[in-house]
Structures are given as structure tokens and as C-alpha cells.
Amino acid sequence: MKRHFSGSTSLDGGSIFNSPDGLWFDADSRLWIQTDMSESIVNTRPWEQFGNNAMLAADPVNNVIRRFLVGPIGQEITGVVTTPDQKTMFVNVQHPGATTSPEAFAAGQLVSHWPHDGALYPRSATLVISREDGGVIGS
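Conventions used here
Residues numbered from 1 in each chain as written. Predicted model: local features only at pLDDT ≥ 70, side-chain atom pairs only at ≥ 80, totals over all residues. Heavy atoms only, no water. Salt bridge = Lys/Arg side-chain N within 4 Å of Asp/Glu carboxyl O. Buried < 20%, exposed > 50% of the residue type's maximum accessible area, 1.4 Å probe, protein only. Pairing = 2+ DSSP bridges. Helix = DSSP H or I, 4+ residues; strand = E, 2+ residues; numbered from the N terminus. Axes fitted to C-alpha atoms, helices over the stretch in contact; angles between N-to-C directions. Core = buried A, V, L, I, M, F, W, Y, C linked by side-chain atoms within 4.5 Å. Patch = residues over 30% accessible without salt bridge, like charges linked within 9 Å, V, L, I, M, F, W, Y side chains within 5 Å. Areas by Shrake-Rupley, 256 points an atom, 1.4 Å probe, with all protein chains shown as cover.

K.L.:
Lay out the pattern of salt bridges with the relevant residues and their values.
P.N.:
In this structure the tally under the stated criterion is 4 salt bridges. Residue Arg-30 is joined to Asp-26 by a salt bridge in which the shortest nitrogen-to-oxygen separation is 2.8 Å. Among the salt bridges present, the one from Glu-48 reaches Arg-45, with a minimum N-O distance of 3.5 Å. Accessibility expressed as a relative area gives 69% for Arg-45, which makes it exposed. Each of Asp-26, Asp-28 and Arg-30 takes part in one network of salt bridges that share partners.

Here it is in C-alpha cells:
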């Protein structure tokens, strides 16, 4: 069965995106879109409407694109895969806080401390995601 997005509905704050970088199809044909807008322009005019880099799911069954997650300041979402039953997803968050200037870094004024607010330096990490009801991710 061949499906396509008709374009009959406009993208909004929950689905608009810029700079698609990582693309991956899951076993149910959902297209996972990871964005990588440059740290030098993210959240600045005219790109501020897109927010931080994010991951969206384009669902060919429901004909919608939905924002799935938004990363912390100064990062990119990269790499995605699920377990064969699609009930656990792994997603990488790379270089959070990369928008910190050298001067701010030297002064200890980092723009992010992700993934722990109490830690001095932000760190890249792999997210392990599952649904509260144990269902298939993205369904």
C-alpha cells in the first residue's frame, strides 16, 4: 500500500521544523526526522519559530507530522533506533550547551548543564524511551 502526505494541512508549532538531518523509517513506516540547525542561528530571528533542535515523527497512516521531543539548548538530536518490538527507543543528544561562548565557559557561565542541572558541564547522552502503557513508540 502506497501512502503520501497530501499537504492539505499546514505545519504548526507542534510540527514545524527546519534543517532535517537524521532520517529513519521504523517497522511501521513512520519517518523519524531529526533536526540539526546550526548553533549560531538556533532561537534567533528568523529561525526562532523552530525552537531547539528536535525529533519529529511523520505518520503515513494518520497523515500527520508530530513533534516527538525537543533537545536542550545548543545540541543536536542524532541517531535513533528501536528494539524489534518497537517498545523501547534509543536517541542520542550530542554536544548540549555548544552555544556557550569561550568567555562564558572560562567564567563558568555555561548555557546548559544537561542532563543534570547540578552538574557543571553538560554531557552528550543516549536517551532510553518507552511508553508508560508499554505500547509501541510513535503509535
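K.L.:
Talk me through the sheet that holds strand 7 (residues 125–129); I want residue IDs and the actual numbers.
P.N.:
To summarise the sheet geometry, strands pair through backbone hydrogen bonds and adopt either a parallel or an antiparallel arrangement. On the basis of which strands lie adjacent, the open sheet formed by 3 strands has the order 5-6-7 and antiparallel pairing. Both outer strands of the open sheet, strand 5 (76–82) and strand 7, are each paired with one neighbouring strand and no more. Strand-to-strand twist across the sheet, computed as the mean angle between neighbouring axes with direction ignored, equals 20°. Bridging between strand 6 (residues 89–94) and strand 7 involves 5 bridges; their strand directions are antiparallel. For Val-91, the partnering residue across the bridge sits in strand 7 and is Leu-127.

K.L.:
For the nonpolar core, give the residues involved together with the corresponding values.
P.N.:
Judged by nonpolar contacts, Trp-32, Met-55, Ala-57, Leu-69, Ile-77, Val-80, Met-89, Val-91, Val-93, Ile-129 and Ile-137 together constitute the single largest core of 11 residues. For this core, the secondary-structure elements that each account for two or more residues are strand 3 (54–59), strand 5 and strand 6. Considering every element that reaches this core, the biggest residue donor is strand 6, with 3 residues.

K.L.:
Break down the sheet that holds strand 1 (residues 20–25) for me, with residues and values.
P.N.:
Pairing is antiparallel in the open sheet, where 4 strands are placed in the order 1-2-3-4. In this open sheet, the two strands that pair with only one neighbour each are strand 1 and strand 4 (64–70). Ignoring strand direction, the axes of neighbouring strands in this sheet form an average angle of 25°.

K.L.:
Could you give an account of unusual backbone geometry, naming the residues involved and the relevant values?
P.N.:
The step from Arg-45 to Pro-46 runs through a cis peptide bond, and the omega angle for that step is -5°. Among the secondary structure elements, Pro-46 is positioned in the loop between strand 2 (31–35) and strand 3. In this model, Trp-114 is joined to Pro-115 through a cis peptide bond whose omega is 10°. Looking at the secondary structure, you find Pro-115 in the loop between helix 1 (102–106) and strand 7. For Ser-29, which is not glycine, the phi dihedral falls at a positive 70°. Secondary-structure assignment places Ser-29 in the loop between strand 1 and strand 2. Residue classification places Ser-29 among the partly exposed positions, given a relative accessible area of 42%.

K.L.:
Can you lay out a nonpolar patch on the surface for me, pointing to particular residues and giving the numbers?
P.N.:
On the surface, Val-81, Phe-90 and Val-128 cluster together into a nonpolar patch covering about 250 Å² of accessible area. Residue position: Phe-90 is located in strand 6. Given the relative accessible area of 31%, Phe-90 is considered partly exposed.

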